[in-house]
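Per-entry structural report
Listed below are the residues making up each chain.
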Amino acid sequence: MNATVAAVVLSLFSAVAYAAAAVAQERLASRSSDSGVLRLLGSGAWWWSVALNASAALLHVAALKYGTLTLVQPLGALTLVAAVPLGARVAGRRVSAVEWRGTALTLTGLAALLVTASGPAPDNVLSVPQALGVAATTAVLIGALARRGARPGLRHATASGFASGVASALTQTVTVAATDRSDSLLSAQVIVVAVLVAAFAVGGLLLSQTAYRGGLGAPLAVVTLANPVAAAVIGLSLLGERLQGGAAGVLLALAGAGIAAWGVVTLSRTAPPPLVGDHPVAAVLALEPEPAAYEPSLLPQQPNAGHLTAL
């Protein structure tokens, strides 16, 4: 199978798995306001969502083995596309016209990027000095965006997208280096970069959680778009990746990125914020909220309001 086709297929399955995990997590959260660790550990539905997330992550890593960063990372927007029909199916509703429009725009933009970003399987990796340089630069940028006193929102979302994009770029280095038979699996390069991957992956998750405190729509779009931008910068500047078609290819890629961004923003605004849970794709699930159980008032009732009671 062609390397590009393999990367696209693996990215597609990864996106579907991530979207299914999001649906499972959101449904679990909507059924109970108790999100304690012990309750989650005893829930089969939660372990099912964990398995889906783990499978999606492994498929994403495999896609990075066969496809360049400029190809694989933009395909992460397919998670939003897959979440639309899955969320509508679970909620028992039809996909809206706005959702269809956002899906069409996203797919059109990704198709343009696919034409220009396709190429042979990646073989270049970041050296340890390059990985440390990328990590240091990204850490400074994240620190500036998420500095103390900054209100949660688009800056934290941008920082989260950059952290996740860098984590994916470093993951590709680990994947390619670890599967290269000419070097040891426990080489200094693999170990150092793997530690950096873990740090940026966790940092991206925490930053996104902070960003979504003010709502999911705009931060969701920013995270989804900042991720491939960061990865593409690393791929084009340090890994020798190139867009196909010369100047015309660059223009097509820019047009495709713009159309895909338009579609992502459209999808991120198609549903109200969920009542419980802050999953990155929850904004497009549009799950029906369940009615809250009746709870009697804790305040004492005053008989014959407006009249004095006899002593």
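It should be noted that the structure appears before, not after, this text.
This write-up is about the structure you can find in this document. (Residues numbered from 1 in each chain as written. Predicted model: local features only at pLDDT ≥ 70, side-chain atom pairs only at ≥ 80, totals over all residues. Heavy atoms only, no water.)

**Description of the environment of Leu105**
Turning to its location among the elements, Leu105 is positioned in helix H6 (residues 97-117). Taking the C-alpha atoms as reference points, Leu105 and Gly263, separated by 158 residues in sequence, lie 4.6 Å from one another. With sequence-adjacent residues up to four places away left out, Leu105 is seen in contact with Ile259, Ala260, Trp262, Gly263 and Thr266. (Helix = DSSP H or I, 4+ residues; strand = E, 2+ residues; numbered from the N terminus. Contact = heavy atoms within 4.5 Å.)

**Side note on the side chain of Thr171**
With respect to the helices, strands and loops of the structure, Thr171 is situated in helix H8 (residues 154-178). Assessed through its relative accessible area of 14%, Thr171 is described here as buried. When sequence neighbours within four positions are dropped, the list of residues in contact with Thr171 reads Val61, Leu64 and Val197. (Buried < 20%, exposed > 50% of the residue type's maximum accessible area, 1.4 Å probe, protein only.)

**Describing the nonpolar core**
Within soluble globular proteins, side chains that are nonpolar tend to cluster in buried spots. Core analysis: the biggest nonpolar cluster contains 50 residues, and Leu170 and Phe200 have the highest contact counts within it. Setting aside residues up to four positions removed in sequence, Leu170 forms contacts with Leu126, Ala131, Val193, Leu196, Val197 and Phe200. (Core = buried A, V, L, I, M, F, W, Y, C linked by side-chain atoms within 4.5 Å.)

**Overview of the side chain of Ser11**
Inspection of the secondary structure puts Ser11 in helix H1 (residues 3-31). Given a relative accessible area of 6%, Ser11 falls into the buried group. Not counting residues up to four positions away in its chain, the partners in contact with Ser11 are Ala63, Val72 and Leu75.

**Notes on the packing of helix H5 (residues 78-91) against H6**
The interhelical angle for the contact between H5 and H6, taken along N-to-C directions, is 150°, at an axis separation of 10 Å. For the element pair H5 / H6, the angle class is roughly antiparallel. Considering only the axes of H5 and H6, their crossing is left-handed. Every residue of H6 that contacts H5 at Leu78, Val81 and Val84 is listed here: Glu99, Thr103, Thr106, Leu107 and Leu110. Looking at the contact of H5 with H6 residue by residue, the classes come out as five nonpolar, two polar and one charged. (Axes fitted to C-alpha atoms, helices over the stretch in contact; angles between N-to-C directions. Parallel < 35°, antiparallel > 145°, perpendicular 65-115°, else oblique. Left-handed = near helix turned anticlockwise from the far one by under 90°. Nonpolar A, V, L, I, M, F, W, Y, C, P; charged D, E, K, R; others polar.)

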